[in-house]
2 protein chains.
Amino acid sequence: MPARDSYHDIVKRALTKAGWLITHDPLRLRWGGKDMYVDLGAERLLAAERDGQRIAVEIKGFTSPSEMDDIEHALGQFMVYHAVLLEIEPDRRLYLAAPNAVIVNIFQEPLGMLLLRRYSVRLLGFDLVREEITQWIPSID
Amino acid sequence: MPARDSYHDIVKRALTKAGWLITHDPLRLRWGGKDMYVDLGAERLLAAERDGQRIAVEIKGFTSPSEMDDIEHALGQFMVYHAVLLEIEPDRRLYLAAPNAVIVNIFQEPLGMLLLRRYSVRLLGFDLVREEITQWIPSID
């Protein structure tokens, strides 16, 4: 089993508050004999839709001593999971979840913005205290 | 200064044997106030070219206990450096250098092949004993 991020339960509660049903904890992906575990899978039913929206959420605290290491590893994980999801479940959208302070410190700075623009990383910001989802980048339909 | 991979000197000697001049050790990239260090910068002059070929080489041993961690981190590093190089020096091609056994074990397996196909990662394989570059993926002009 994968290591759990300390923000795991906060994001679960925040997603539930926002109307999402947690369907996988974790979400296992398998490709060519290799197993990967994305932190959460969730689904939301909208009245207008027949099939609902499905997301996969990888939660990152960006708490290591090296911010560059954190950025590299988070991006690499996102890219690996994204490539596999596109093959096995292309309708499920992958998000990298991080506390709002991280979104501001990392992804509203030049390097973070460059990576978002170049690689179409999807972000989900959450408020640690209120335990709420505060932003989807890009905004979710 | 960045940590040095134990394969660092082997790759330097292998590139030199293959006609490359090591110009940076390490190659510093800077974007938006953040510094990054790619292991090596090298240049090769060909008779037919005015400006020569320039490469940046990040060397990876893939020796940690978790192969998935190694893959994620190597891919993330490649993607970060690649994004920055495209902005500041688009003619310099970035390669991920790894021992031949790693190329076979990781990048000729389904997950590795999927990542190569999806993200256009460039690889450079080297022989640890002969200290020679044995393959460029895709092949270099």
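J.: Even after reading the chapter, I still don't get the environment of asparagine 100 of chain B, so can you show me in this structure?
T.: All names here are of chain B. Inspection of the secondary structure puts asparagine 100 in helix H3 (residues 100–107). Discounting residues that sit within four places of it in the chain, asparagine 100 has contacts with Gly125, Phe126, Asp127, Thr134 and Gln135. Reaching out from asparagine 100, the side chain makes a polar contact with the side chain of threonine 134 at a distance of 2.7 Å.

J.: Explain the environment of isoleucine 137 of chain B here, please?
T.: Residue and element names in this part refer to chain B. Assignment of secondary structure puts isoleucine 137 in strand S8 (residues 132–137). Taking C-alpha positions, isoleucine 137 is 16 Å from alanine 18, a pair spaced 119 residues apart along the chain. Excluding residues that lie within four positions of it along the chain, isoleucine 137 makes contacts with Ile103, Val121, Arg122 and Leu123.

J.: Is there a simple way to explain the pairing of strand S5 (residues 53–59) of chain B in this structure?
T.: Two faces, one strand: in a regular strand the side chains alternate between the faces of the sheet. Residues and elements named next belong to chain B. Burial runs high along S5: 6 of the 7 residues are buried. Both strand S4 (residues 40–44) and S5 contribute to a ladder of 5 bridges, which runs antiparallel. Bridge pairing in S5 places leucine 40 opposite valine 57. Strand direction decides the pairing type here: S5 and strand S6 (residues 93–99), joined by 5 bridges, are parallel. The residue bridging valine 57 from the neighbouring strand is tyrosine 95, located in S6. Read as a crossover between parallel neighbours, the route from S5 over helix H2 (residues 67–88) to S6 is right-handed.

J.: I tried to follow the side chain of histidine 82 of chain A on my own but got confused; where do I start?
T.: By secondary structure assignment, the location of histidine 82 of chain A is in helix H2 (residues 67–88). Residue contacts for histidine 82 of chain A: discarding those within four places in its chain leaves Leu94 of chain A together with Tyr119 of chain B.

J.: Help me understand the interface of chain A and chain B, please; the structure alone is not making it clear to me.
T.: Bring the parts together and some accessible area is lost; that lost area is often taken as the interface size. Counting from both sides, the interface comprises 30 residues of chain A and, opposite them, 30 residues of chain B. Summed over both partners, the interface of chain A with chain B comes to about 2,600 Å²; 68% of that surface belongs to carbon and sulfur atoms. A per-residue breakdown of the area chain A buries against chain B is headed by Lys34, Glu72 and His73 of chain A, which together make up 21% of the total. Viewed at the interface, chain B and chain A are joined by 6 salt bridges. With a closest N to O distance of 3.2 Å, lysine 34 of chain A and glutamate 67 of chain B form a salt bridge. Linking chain A with chain B are 12 residue pairs in polar contact (both at pLDDT 80 or more), by the criterion used here. Looking at the side of chain A that touches chain B, the elements with two or more residues in it are strand S3 (34–38), H2 and helix H4 (110–119) of chain A. Per element, the largest residue contribution to the side of chain A that touches chain B is 17 residues, and it comes from H2 of chain A. The class makeup of the residues in the side of chain A that touches chain B is 16 nonpolar, 5 polar and 9 charged.

Thresholds, definitions, all that
Residues numbered from 1 in each chain as written. Chains lettered and ligands numbered in written order. Predicted model: local features only at pLDDT ≥ 70, side-chain atom pairs only at ≥ 80, totals over all residues. Heavy atoms only, no water. Helix = DSSP H or I, 4+ residues; strand = E, 2+ residues; numbered from the N terminus. Contact = heavy atoms within 4.5 Å. Polar contact = N/O pair within 3.5 Å; in protein donor to acceptor, adjacent residues only side chain to side chain. Buried < 20%, exposed > 50% of the residue type's maximum accessible area, 1.4 Å probe, protein only. Pairing = 2+ DSSP bridges. Right-handed = clockwise from strand over helix to strand, strands pointing away. Buried area = accessible area lost by both parts, 1.4 Å probe. Salt bridge = Lys/Arg side-chain N within 4 Å of Asp/Glu carboxyl O. Nonpolar A, V, L, I, M, F, W, Y, C, P; charged D, E, K, R; others polar.

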